[in-house]
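Here is how the chains run, residue by residue.
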Amino acid sequence: MNRLCLILFGSPGSGKGTQAKLLKEDLGVAHISTGDMLRERVALGDPLGKRVEKVMAAGGLVSDDSVNRMVADRITFDDCRTGFMLDGYPRTVSQAEWLAKKLTAVKMRPMVVHLEVDYNVIVRRISGRRQCPVCGTLYNLAADPDRVACDMEGAKLEIRDDDREDVVRERLLAYNRQTAPVLAFFQEAGYPVWSVKGSGEPEAIAGEIEDLIRKERERAA
Ligand code: AMP
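Just so it is clear, the structure is predicted and the values come from calculations on it, not from any experiment.

J.: Just checking my understanding: could you explain the site of the ligand for this structure?
T.: Lining the immediate surroundings of the ligand are 16 residues, of which Thr34, Gly60, Gly88, Gln95 and Arg171 lie closest. Here a nitrogen atom of the ligand and a backbone polar atom of Val62 are 3.1 Å apart. Between the ligand and Gly88 there is a distance of 3.0 Å, counted from a nitrogen atom to a backbone nitrogen or oxygen. Out of a free accessible area of 480 Å², the ligand has 96% covered by protein chains.

Written out as structure tokens, the structure reads:
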């Protein structure tokens, strides 16, 4: 079977990370989150981490060149040999063009799933989001109102710096200005692009995405 490249597309808080975690086991492919990778580099304090810290804290986008290079390296890892899911990447038309070229060179064809969620739901989800400072697991107070600590680490949960209200507004603006046009790029380039309602039960949404992938693979076979 061809290597899978699934692009999980949607605004911050649309559930891309949740879907990636659910789909990872069933599809047997790697989960690549550029946001997680960048946060790791900031925590490490390496040169890239130091360069991107301010722009991330303000809700802006890191340079295309830095993220493209990070992704180019990541997709050569062993866990990507059956394929990978991209979460939070590409986020600009220039990143999308770069990725399309890179994939064409290795005879891979991306599929795009757009998780559509209402603006008000997004704001509610992000403002209820809490993270374990030790292992990074995300929880949501909307689904779990009494939660204060992480199940795995027992650590007190925190609000991620870029989930604060003013930063969330900036991230949503960056999405509308720079990221939303990426969808049109993939549509116009003739890649499969599907819209899935992202406000239902996560397991049902994952099932719907798996059906779409199966149908596309049958069609392309
Ligand atoms: P996320 O966790 O995907 O919402 O990403 C958190 C932050 O990391 C974003 O607000 C950006 O500052 C940065 N970031 C993540 N992915 C990208 C990307 N593909 N291009 C530029 N910046 C990114």
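J.: Hey, could you run me through the pattern of salt bridges in this one?
T.: Inspection of the entire model under this criterion finds 16 salt bridges. Beyond isolated ion pairs, a larger network of salt bridges with shared partners links Arg129, Arg160, Asp162, Asp163 and Arg171.

J.: Looking at this structure, I do not really get the nonpolar core. What am I missing?
T.: Within soluble globular proteins, side chains that are nonpolar generally end up buried alongside one another. Counting residues in each nonpolar core, the largest one holds 32 residues, and the members touching the most others are Leu38, Phe84, Leu86 and Phe186. Among the elements of the structure, strand 1 (4-9), strand 2 (30-33), helix 2 (34-44), helix 3 (47-57), helix 4 (64-74), strand 3 (83-87), helix 5 (93-105) and helix 7 (165-188) are those that each provide at least two residues to this core. No other element matches helix 7, which puts five residues into this core. In this structure Leu86 touches Cys5, Leu6, Ile7, Leu8, Ile32 and Leu99, once residues within four positions along its chain are discounted.

Conventions used here
Residues numbered from 1 in each chain as written. Predicted model: local features only at pLDDT ≥ 70, side-chain atom pairs only at ≥ 80, totals over all residues. Heavy atoms only, no water. Near = heavy atom within 4 Å. Polar contact = N/O pair within 3.5 Å; in protein donor to acceptor, adjacent residues only side chain to side chain. Areas by Shrake-Rupley, 256 points an atom, 1.4 Å probe, with all protein chains shown as cover. Salt bridge = Lys/Arg side-chain N within 4 Å of Asp/Glu carboxyl O. Core = buried A, V, L, I, M, F, W, Y, C linked by side-chain atoms within 4.5 Å. Buried < 20%, exposed > 50% of the residue type's maximum accessible area, 1.4 Å probe, protein only. Helix = DSSP H or I, 4+ residues; strand = E, 2+ residues; numbered from the N terminus. Contact = heavy atoms within 4.5 Å.

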